[in-house]
Amino acid sequence: MTTQSLGTGPGGGNRLTGSAQLGVALVFVASIVAAFFLKVDLEPRITPDFFFSSDSRIFQKNQKISDVFPSQQQVLLNVSTAGSITDPNFIEKIDAITTRVKALEGVSDVQSITSGPDDLEAARENPLWRRLLIGEGEKSSFVIAFIDTEEFAPLVKELEKIASEEENRWFEINISGLPYIVEQIRRNLMRDMKNFTSGAVLLSALVIFAVYRSFRVVAGALVACTAAAMLTLTLQSLMGISVGILTANLGIIVFVLTLSHVVFLTSNWRNMESRDHGGRVRATIAHTLPASTWAALTTLLGFFSLIFVEAKPLNQLGVGGTVGALAALVCAYAIFPAFLHRGIKDKAPRLKEAANGAVSSRMPKVLTLVTVAAAIGVGGPGIAALNTDPSLLSYFDEESELHKGIFYVDKNGGSSPLLVVVRSENLEKLDKSEAYDRMWQLQTAFAEHPSVGSVISLPVIMAEGDEHWLGSLLPWNLLLDILSKPEYGSVAKSFVTEDRTQALYMLRMRESGRTQDRLPIVDEIRQIPSQYGFEITATGGTYYLQGELAASVARSMTMGIVTLIVMFGVIGFIVSGSFMVSVAVMTCATCVSAIVLGTLGLLGIPVDIISSPAINICLGLIVDDMIHLTVTAKRYLKESGRGSMRDVAVWRKALSTQARPALISTLAIMIGFSVFALSDFPPSQRFGLEIAYGAGLAVVLALIVFPYIASVGKRAVKDDT
């Protein structure tokens, strides 16, 4: 960006007046707003395929299973009773619910004790129906709706209406299944976007007003930050990326990035010597833009690294964040300077004495040692205990009816499908009696694993046909032929290939009480088939994809943090030319990461995919502060013409002007994000509070530990200021 873009002609002539600059800025804003309302749909879209992009290896492997064994998403309605499921009133209730669910658009089939088996007694005695339809202790029964639509919102709304109208003091109805859970997450994200994003913006604005006492500055900050968020979402929409599970919070992330630029611009404007308005604006931009550009570059690179991650939500956040980092810089400098004026007051405390103490007293040394000790003592055991693969139940408040309902269904048969495809080690066909017997043994072994709620497979399907008097007289291969015919729903085709060499086991996995990550559990299950003469040819399903997604989040966090820290160090060296500055940058960034993540691990706070980007934002905040300090120190060193970047005087000078904007922007961000603690959606709570905690820690390290390390071992030159 050049001063010309702000209304300055070549050579400094024909400059725009302040009013003209404001007019140009508002036209730019109006264009962004118009494009936003024309192109952006803020309704979050979260479908079962949100885990991985369609061209990823993991998605394609899972898709192959779906291509060979066609299946549909399921919503489970568990109807429980204080009495007995044999009560005629209970059976009548199940029949009424089944009839109503069957009539819904988007439901292709329904199975229950009144739709599938001949009657309740047949369901109790049949291995298939007993596992599918009857809950633990025969205190409940399932109504299973098979879904043939990805528009979950209207369907879930209708299912909830049925449950509400059919439930009474004798019968309790709980709903689960991935479409239902996905819709609940979408609703929570939408509600928090409306309520708490606006709350965070309002509180941040109040902090800015309390400091600068200028409605015009507050208006400019809100306009620039909101325009940056809108521009990001618009460009993201034009790239074909809809608002999803992570990009739902992208608007507030970009707002924060822009706010940091705005606060530094305002504070540097206050520090400029009095001159004509245009000259003061240009001087402020010239002073602030280099540091802002470096800060934006580090943020951009952090998001850019996520573009190459297989996990689709992280990939989308990488694209959106990269665009957002650029939009924040452009909007901050193209829009906000037009709102600067001479009447801006600064009610932040003077920090000259604090600046002196921050690099020359004993406090920085003690705080540095305490910080490093905390990073080791908290980060070491805490990161080892970090839960990056939390249960789906952790997305909902334990005291909520929603959590209790999903928990009940999960306990009574599992809730998350795991698909395992096997074939005989000797490649024999699976429609023979000997193979059938071994498949039954494998069925039993799968069911005995503590993480498995229930198992549906080919032998269970065959057992259903065998219950009929004619089925008991037929050879297994002929019975399998019959169950593969359309008049019998082609049910066998969902569990065995046409050449009869591979079979599918569908395991409904339990989420409640899980202490291991999903992938180690999947590995345990994958060891079972070899004990019965089978080998696994494919593994998939929601449970497996969730495990891979969690592992991808953990890898991206680890690699992302390490990569960012190294990049911060390199950029710190490029900006300053000082090896100690580079060491200071990396030390502070490492300590922030270790302490924040270590605290989460020690407190048992899970890192879900929605809250996981919080650490990236914290790192972005600390590097912003450190780069602004470094650029200012470097400028002072150049102006004085003596000393080095390890002289205390240059850091005192930098802190005297840059500490206030760092504190102001951090305070605004901490107060703004703290409002997410009021959400009843745990991932939003964690997202907001982690940022508030990390931001507070980051600003302390940036203003005290960083300049101390950067100047350690060098006596101060005489400070002319």
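As the structure is a prediction and not an experimental result, all values here were calculated from the model. (Residues numbered from 1 in each chain as written. Predicted model: local features only at pLDDT ≥ 70, side-chain atom pairs only at ≥ 80, totals over all residues. Heavy atoms only, no water.)

A. Representation of the overall build of the chain within the structure. Along the chain, the regular secondary structure elements total 23 helices and 8 strands. The buried share of the chain, reckoned over its 721 residues, is 59%. Across the chain, every contact between residues at least 6 apart in sequence was considered, and the portion connecting residues at least 24 apart equals 80%. (Helix = DSSP H or I, 4+ residues; strand = E, 2+ residues; numbered from the N terminus. Buried < 20%, exposed > 50% of the residue type's maximum accessible area, 1.4 Å probe, protein only. Contact = heavy atoms within 4.5 Å.)

B. Structural view of the packing of aromatic side chains. Under the criterion given, the structure shown has 9 aromatic pairs. Ring geometry for Phe209 versus Phe215: centroids 4.6 Å apart, planes at 35°, classification tilted. Classification of Phe209 as partly exposed rests on a relative accessible area of 26%. For Phe215, a relative accessible area of 65% gives the class exposed. Pairing Phe673 with Phe676 gives two aromatic rings, centres 5.9 Å apart and planes at 20°, and the pair type is stacked. Lying across the ring of Phe142, Arg508 places its NZ or CZ 5.2 Å from the centre. Above the plane of the ring of Tyr543 lies Arg518, whose end atom (NZ or CZ) is 5.8 Å from the centre. (Phe/Tyr/Trp six-rings, centres within 6.5 Å; stacked < 30°, edge-to-face > 60°. Lys NZ or Arg CZ within 6 Å of the ring centre and 35° of its normal.)

C. Representation of the sheet that holds strand S1 (residues 73–81) within the structure. Judged by pairing direction, the sheet is antiparallel, and its 4 strands sit side by side in the order S2-S3-S1-S4 without closing on themselves. Looking along the sheet, the strands with just one partner apiece sit at the ends: strand S2 (107–111) and strand S4 (171–176). Strand-to-strand twist in this sheet, taken as the mean axis angle between neighbours without regard to direction, amounts to 20°. The sheet contact formed by S1 and S4 spans 6 bridges and is antiparallel. Paired with Leu76 across the strands is Ser176, a residue of S4. Packed onto the sheet, helix H6 (residues 152–166) meets S1, S2, strand S3 (140–147) and S4 and runs at close to 165° relative to S4. Set on the sheet, helix H14 (residues 401–411) makes contact with S1, S3 and S4; between it and S4 the angle comes to about 85°. (Pairing = 2+ DSSP bridges. Axes fitted to C-alpha atoms, helices over the stretch in contact; angles between N-to-C directions.)

D. Quick peek at a nonpolar patch on the surface. A cluster of nonpolar side chains, namely Val562, Val566, Val570 and Ile574, defines an oily patch on the protein surface of about 330 Å² accessible area. The topology assignment puts Val566 in helix H19 (residues 542–576). (Patch = residues over 30% accessible without salt bridge, like charges linked within 9 Å, V, L, I, M, F, W, Y side chains within 5 Å. Areas by Shrake-Rupley, 256 points an atom, 1.4 Å probe, with all protein chains shown as cover. Salt bridge = Lys/Arg side-chain N within 4 Å of Asp/Glu carboxyl O.)

E. Main features of the nonpolar core. Ile185 and Leu507 are the most contacted members of the largest nonpolar core, which totals 217 residues. When residues of this core are assigned to their parent elements, the largest contribution, 15 residues, is made by helix H7 (residues 178–212). The contact partners of Leu507, leaving out residues within four places of it in the chain, are Ser416, Pro417, Leu418, Val420, Phe446, Val452, Ser454, Val455 and Ile525. (Core = buried A, V, L, I, M, F, W, Y, C linked by side-chain atoms within 4.5 Å.)

F. The pattern of salt bridges, seen in detail. Under the defined criterion, the tally for this structure stands at 18 salt bridges. Between Arg186 and Glu183 there is a salt bridge whose closest N-O contact spans 2.9 Å. Linking Arg186 with Glu183, this pair stays in helix H7, spanning 3 residues, or about one helical turn. You'll find Arg186 and Glu183 in the same group, each marked buried. Where salt bridges share partners, they join Lys93, Arg100, Glu165 and Glu166 into one cluster.

G. Structural view of the sheet that holds strand S6 (residues 452–457). Sheet architecture is open: 4 strands sit in the order S6-S7-S5-S8, paired in antiparallel fashion. Both outer strands of the open sheet, S6 and strand S8 (534–540), are each paired with one neighbouring strand and no more. Averaged over all pairs of adjacent strands, the angle between strand axes in this sheet comes to 30°, irrespective of strand direction. By the bridge criterion, 6 bridges tie strand S5 (residues 416–424) to S8 in an arrangement that is antiparallel. When the sheet's bridge partners are listed, Arg423 is paired in S8 with Glu535. Contacts between helix H2 (residues 57–68) and the sheet are confined to S5, strand S7 (502–509) and S8, with S8 contributing the most and set at about 110° to the helix.

H. Fine view of the environment of Val378. Looking at the secondary structure, you find Val378 in helix H13 (residues 362–384). Between the alpha carbons of Val378 and Ile595 there is a distance of 5.9 Å; along the sequence they are 217 residues apart. For Val378, the residues in contact, after removing those within four places along its chain, are Ala373, Ile383, Ile595, Gly598, Thr599 and Leu602.

I. Spotlight on the pairing of S6. Of all 6 residues that make up S6, 5 are buried, and the element is covered over most of its length. Pairing of S6 with S7, which is carried by 5 bridges, proceeds in the antiparallel orientation. Directly across from Val452, in S7, lies its bridge partner Met509.

J. How the structure looks around the pairing of S1. In terms of burial, S1 is largely enclosed, as 8 of its 9 residues are buried. Two strands pair when backbone bridges link them, and S1 and S3 are joined in this way by 8 bridges, in the antiparallel orientation. By the bridge assignment, Asn78 is partnered in S3 with Phe142.

K. Focus on the environment of Gln74. Tracing the sequence through the fold places Gln74 in strand S1. Classification of Gln74 as buried rests on a relative accessible area of 17%. On a C-alpha basis, the gap between Gln74 and Val110 in space is 9.4 Å, while along the polypeptide they are 36 residues apart. Apart from the residues within four sequence positions on either side, Gln74 is in contact with Ile144, Ala145, Phe146, Gly177, Leu178, Pro179 and Met506.

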